[in-house]
Structures are given as structure tokens and as C-alpha cells.
Amino acid sequence: MAMDIIDYKIFGNDTQFVEVELDPGEAAVGEAGAMMYMEDGIAMDTVFGDGSSQQRGFWGKLVGAGKRLVTGESLFTTVFSNQGNGKRKLAFAAPYPGTLIPVHLPDVGGTLICQKDSFLCAAKGVSLGIEFQRKLGVGLFGGEGFVMQRLEGDGLAFIHAGGTLYERDLQPGEILRVDTGCIVALTRSVSYDIQYVGGLKSALFSGEGLFFAVLQGPGKVWLQSLPLSRMANRIVMAAPAIGGRSSEQGSLLGGVAAGGLLGGILGDDE
Amino acid sequence: MLSLPGRLYGPGLPGAGVPVEARLDALQLRIGSGDDTRSALLSQLSLRRAGFDQRQLEISWTEGAGRFALLVEDPAAVETLLTQAPASLRGQGEAVHRQRRRDGLYQRIAVSAVVLWVALALIALLLLLAAARPIAGWVAGWVPVRYEQQLGEAVFAHQQRQLQLLDDGAAQHAVQQIGERLTRGSRYRYQWHVARDPSLNAFAIPGGIVVVHSGLISAAADASELAGVLAHEVEHVEQRHSLKALVQQTGLRLLLSTVVGDVGVIGDWAGQLGGLKFSRDSERQADEQGLDRLLAAGFDADGMLRLFAKLDASPGNGAAPPGWLSSHPATPERIARLRQRLEGRPATPMSDRAPAIDWPSVQRDLAADRRPSTD
């Protein structure tokens, strides 16, 4: 399927949005909920799956949608197509402070492996798949889990991540150690592994966790300076209203306090 | 000559590489054509696995100061290269092949270990669930009665704010009189209270605090009916049901959170269902032991059955939830069980009978109580 070539402009610095210009008949796919505005003449259609698989039939779509669910995206994608006569614009906004980058997929070998949830929008025809992490250790400790997102096609895709996005070329054999969780995207040619930080003191007190992610070139990698989870953690820690600490652990005693201590003769189930 | 499609990376080339078609012969690796040809001798080449999933093959060499790499992604081309490589590369090809096999083996071992671990954890969880009641009972056995009483006092102090206690009437005296006869020789120091509430209910707080709703006393036709309820509540205290439930729920949550990490909604539901099952079992036990206690104290055990029949008929008991969602067994089931248990028991001799209570005066006293009610 031929890709639609789209023109775009990115606005803002820390909380960005991208304005995309569609020629008549062109279309773009966006993550559900990412659309910010669209001009008159652009029609919105919600499709099950990733929008690239119109011809694959029901089961194909179901599998596509299931894959999207695994990567933490919505089951549905929204396709925006220009049904007017002239050029029309629409915009997609990033869901949290960070940076938006355009990736022209043919320039990176046609495939980009990126962090779950980092996809924002793309030219229609870019397919969104999943890439399973086959290394157990990397899946558990690499910071990106066992499932990553795979963008494939020959069009333009926009990905978004927290803080400042840093694009780096790795020469053949070049090694970069990265804090786990900071990897946003990489090309298929980059090896991704983990390495123990070394030494008990470092493991416990360096604040870097037990493992580094190790990226080895050749290829391109994109890193984020501030993963959303880290920012969320700091916000929760600084919020006295919710106890000023990470609230992931529910109270062990919750729900079995006074109510459970009364042994009545009749139930009070209502 | 082998033809290898791939991407070439190196100094001066784009970061994401350029697609090339490489040719490998017995002498050298050649990329491109005409003036733009790049070549490297076989002896300079090194092979290794590369890429995100380690399924690509990297052929790298040094050229001047920089290092260049050709990455072959196409699986068929990788296989061909590994099996038909020129003799000087064969050694490295076999090393890569061995690495791949070994990794596959490690992966299978790791997956099996994870599956085994999860299965073991699940089996342990099931076993513990099955034995939850005895285990909770054993743990609760270590808690001294003194702590239980302190816990009960704290709960009662909290509850008291919502209760209107009638602590100086004939009704309270009657409850106390019956209760004391039922609990002769107990290790607990009981407190008996009557709360103004028209509903047919009573509850026990750990450590021996029993509260009876005034509605229940009004509904009881004689002292033996009230005694049936009190015997049930006393058994909750004596069997330490609340404490065991607390131990069980806390233990299950701890267990679930260690096995599955986050407890989550499903875990909460499972915990609650488990708690309700525990509660129903406790109610049955309190019914049965309560009946024995009633007989031993010389009360008319039929009173318990009569009162349960009243509970069953009372309004508000109409839309009962299904059995497995309820904290108490269905009342008809409880009556049937008690009747079965009562069959064949000899009647209590006259000499052991509980002293009579002037029931009409208790009822009059409650009816005369006209203090403002919030109900």
C-alpha cells in the first residue's frame, strides 16, 4: 500500500504538538485521544486495529487489535482523512511533557522498535506491531518489559517520550550503557542487553538500580531524559495529600478492619 | 560466490546504515560496484550475532581508522552464510552457530524455570487456601487473650458512638443473667449490652463484648429464644472467629502479594470471597457449638430454632444474596442443620434447668422505653 506523504510542523518546546498537513485524499492515523484539532473537511473514522490492515479481514483486524492491547495502546485507532478539495491541517498533541520526534521510517531501514505507548501518529499505511523481547533478563530488568512496539512501513511516524529526546548514532561495535527505562526507540540493528552495575555498594546505593541497559551499535538509538514513571514517582513523593510516598502498596489491613470484626447473627450483606 | 543483502554501517555513512548488496567469494567481501567498491579480505573479517533479537549476522572489519559493519537480516541469507561460508570464515560461523544453539537451550531452561516457579507458587497457594482455616486457627492461638480484649475494647469504643446503649433496664439484666449462665467457666470476661435498634440482630466483638439489638429482645417470645442467639454469639467469642478471620485475611493478602506481586482487583475479589467462605463456616460452627452450649447450660434448645424461624420470616431477609456471596449461610439451611443435630439428644433434667426469667416484664420495660430514637 502506498504511503501518504505528509507535511508537518512541530509547535512548542516542552509540551509539544504536531500539526500535519494533508493533501486531498491523504490520511493519517493517530493514537486514540491524541487529536487536538482538525480543520473542516477532514473526516474522522475509528477503526479496529491499526488502520493499515483494511484488507486482512476480521481475524487479521482482531489480531492487530490484540497486539495493540498488549502494547498498552487502545484497541482502536483513529484514521483522519482529508475529503475536502484543498490542503487541510490537523494536529496531534503529546499526552505529557516531553519531546516529539518525526521518524522517516525508510531512513532507519523501514522498521523502528520503540517503547510501549510512545506512538503518537503516523502517515496512513504505517503498521503498528509488537516486538517480543526474547532475552529473559532484558525483559525482566531492561526497563522496557517483554513487549515493545514495532513501527513498520515507508512513511513518517511521530513518537513521543518524556523530557528531552536524544538521538544518537552508534558506530559498529560502539557500546552505550543506558539507565533502564530511558530507551525510547532503536533500529533493528542495535543489540539490546543488560549488565549488572557491578559491586554490592553500587547496586544498593548508586541509585542506578541493579542493571544497566547496554546498547551496542551499529544503528540509531533514541533516549529520553525523563521517563514518565520517574516524573510520576517524584510527583507522588512530593504530594502530601496522598501520603507523600509511593502508593503502589495497598494497606495489608485494608478492608478487614472494624466491619470484619463483628460476628453478627445475621449477615449485613446488603 | 555468495550474495548477501544487508545494510552497511560505518564512519561517514548515515547512522541507520545504507542498504547494500554484498558479495562474498573465497578471497574477499566486496560491496558496491565500479569506483565505489569497498572490499575487505576474508582474514580481516569477524562474525558475530547482532541486532535487537540477536538474529542478524554482523560482518565487521577495520578500514583505516574506522570500523565498518555489514548487517545481514534476511534469515535465509544468514543460514547460507553460516553453512556455506568460505573455509577461512567457517570457524567463526560454527562459533556463532554454537552460540545460537546454547542460547536456545538457555532460553528453554529459563522459560521452564519460570513456568515451574509459577506452578509451584500456585500449588502452594492452593494448598494454603485449602488449609487456611486450621493455619489461621493455629496462628490465632498464639495471640494472648489480653491482646484480644484490648482489640475488642478499641473496636467497641469505635462502635459505641453509633450505638444507643440501654445499659440499666430489665432487658440488659435479662441478657446479662442469661449470658452469665451460658459462659460459666469461660476464660473471657464478658460484657453484655443492649442497643436500641429495631432490627433483629446481635453481634459479638472479640474479647467478650456482646451487643443485642432491642428489636431482637422484643421479637423473642421467651428467655430461651434470646439464649439461643446469645449462645451463638458467645461461640464467636470463644472460638475467636474474628481474630482468625483477621489473621486469615491478612495472611492471604500477604501471600497473594508475594506470589503475584500486586494484589489487584481480582486478588481483592478472591480475598473477599475467601473471607465470606470463612465467615459462613464460622457461622455454622457457632450455630452447632452454640446449640451444645445451650443444652449444657440447661436452656430449651427449641428456642434457638424458633428464633431462627423468626429471622427467616422477618422483612429485609427477602432479597438475600446467593449463598456463595453471603457472609452467613441461608437461614433455612441453618435451621435444618440444627434440627438434625438436636435429634436424639436427651431432654435436660429439671434440676439443671436455667432459672426462669420474668419475660413479660422485660418486654414491658423495652416497650416503655420511649427515649428519643434516631431510627
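Everything here concerns the structure above.
Criteria and cut-off values
- Residues numbered from 1 in each chain as written.
- Chains lettered and ligands numbered in written order.
- Predicted model: local features only at pLDDT ≥ 70, side-chain atom pairs only at ≥ 80, totals over all residues.
- Heavy atoms only, no water.
- Helix = DSSP H or I, 4+ residues; strand = E, 2+ residues; numbered from the N terminus.
- Buried < 20%, exposed > 50% of the residue type's maximum accessible area, 1.4 Å probe, protein only.
- Contact = heavy atoms within 4.5 Å.
- Areas by Shrake-Rupley, 256 points an atom, 1.4 Å probe, with all protein chains shown as cover.
- Patch = residues over 30% accessible without salt bridge, like charges linked within 9 Å, V, L, I, M, F, W, Y side chains within 5 Å.
- Salt bridge = Lys/Arg side-chain N within 4 Å of Asp/Glu carboxyl O.
- Pairing = 2+ DSSP bridges.
- Axes fitted to C-alpha atoms, helices over the stretch in contact; angles between N-to-C directions.
- Expected span 1.5 Å × (residues − 1).
- Arc of directions from axis to C-beta.
- Parallel < 35°, antiparallel > 145°, perpendicular 65-115°, else oblique.
- Nonpolar A, V, L, I, M, F, W, Y, C, P; charged D, E, K, R; others polar.

## Brief notes about the overall build of chain B
Looking only at helices and strands, one finds twelve helices and ten strands in chain B. When each of the 375 residues of chain B is scored for burial, the buried share is 46%. Of all intrachain contacts in chain B linking residues separated by at least 6 positions in sequence, the fraction that spans at least 24 positions is 62%. Carbon and sulfur atoms make up 58% of the accessible area of chain B, which totals about 19,000 Å².

## Thoughts on a nonpolar patch on the surface
Residues and elements named next belong to chain A. Together, Y196, L200, L204, F205 and L210 line one region of the surface with nonpolar side chains, adding up to about 590 Å² of accessible area. Relative to the helices and strands, L204 resides in helix α3 (residues 200–205). We classify L204 as exposed; its relative accessible area is 55%.

## Considerations on the sheet that holds strand β14 (residues 165–170) of chain A
The pairing of strands in a sheet comes from backbone hydrogen bonds and takes either a parallel or an antiparallel form. All names here are of chain A. Sheet architecture is open: six strands sit in the order β11-β12-β9-β16-β19-β14, paired in antiparallel fashion. With one partner strand each, in any of the chains shown, β11 (127–132) and β14 form the two edges of the open sheet. Put simply, the sheet's adjacent strands are angled 25 degrees from each other on average, direction ignored. With six bridges connecting them, β11 and strand β12 (residues 147–152) associate as antiparallel partners. Across the sheet, the residue bridging to G129 is R150, located in β12.

## Quick word on helix α11 (residues 331–342) of chain B
Residues and elements named next belong to chain B. Spanning twelve residues, α11 covers 16 Å between terminal C-alpha atoms, matching the ideal 16 Å at 1.5 Å per step. Considered for burial, the residues of α11 that qualify are T331, R334, I335, L338 and L342. Along the axis of α11, the buried residues cluster in a sector spanning 100 degrees; they form a single face. Looking one or two residues beyond α11, the residue adopting positive phi is G344, at roughly 85 degrees.

## With respect to the packing of helix α5 (residues 170–182) of chain B against helix α12 (residues 359–368) of chain B
Residues and elements named next belong to chain B. Two elements in contact, α5 and α12, have axes separated by 8 Å at closest approach and are oriented at 135 degrees. What the angle tells us is that α5 and α12 run oblique. Here A170, A171 and A174 of α5 come into contact with α12, specifically with W359, V362, D365 and L366. For the contact of α5 with α12, the per-class residue count stands at six nonpolar, no polar and one charged.

## Focus on the pattern of salt bridges
Pairing between side chains becomes possible if they bear opposite charge and their charged atoms approach one another. Residues and elements named next belong to chain B. With the rule as written, the count across this model stands at 30 salt bridges over all chains. Ionic pairing is found between K310 and E225, a salt bridge with its closest N-O pair at 2.7 Å. Placement of the pair is K310 in helix α10 (residues 302–313) and E225 in helix α7 (residues 223–238), with a sequence separation of 85 residues. On the accessibility criterion, K310 (29% relative accessible area) is partly exposed. Looking at E225, the relative accessible area reads 2%, which means it is buried. A salt bridge links E288 to R341, with the nearest nitrogen and oxygen atoms 3.7 Å apart. Of this pair, E288 sits in helix α9 (residues 264–296) while R341 sits in helix α11, placing them 53 residues apart in sequence. Accessibility expressed as a relative area gives 21% for E288, which makes it partly exposed. Each of D281, R284, E288, D292, E333, R337 and R341 takes part in a single network of salt bridges with overlapping partners.

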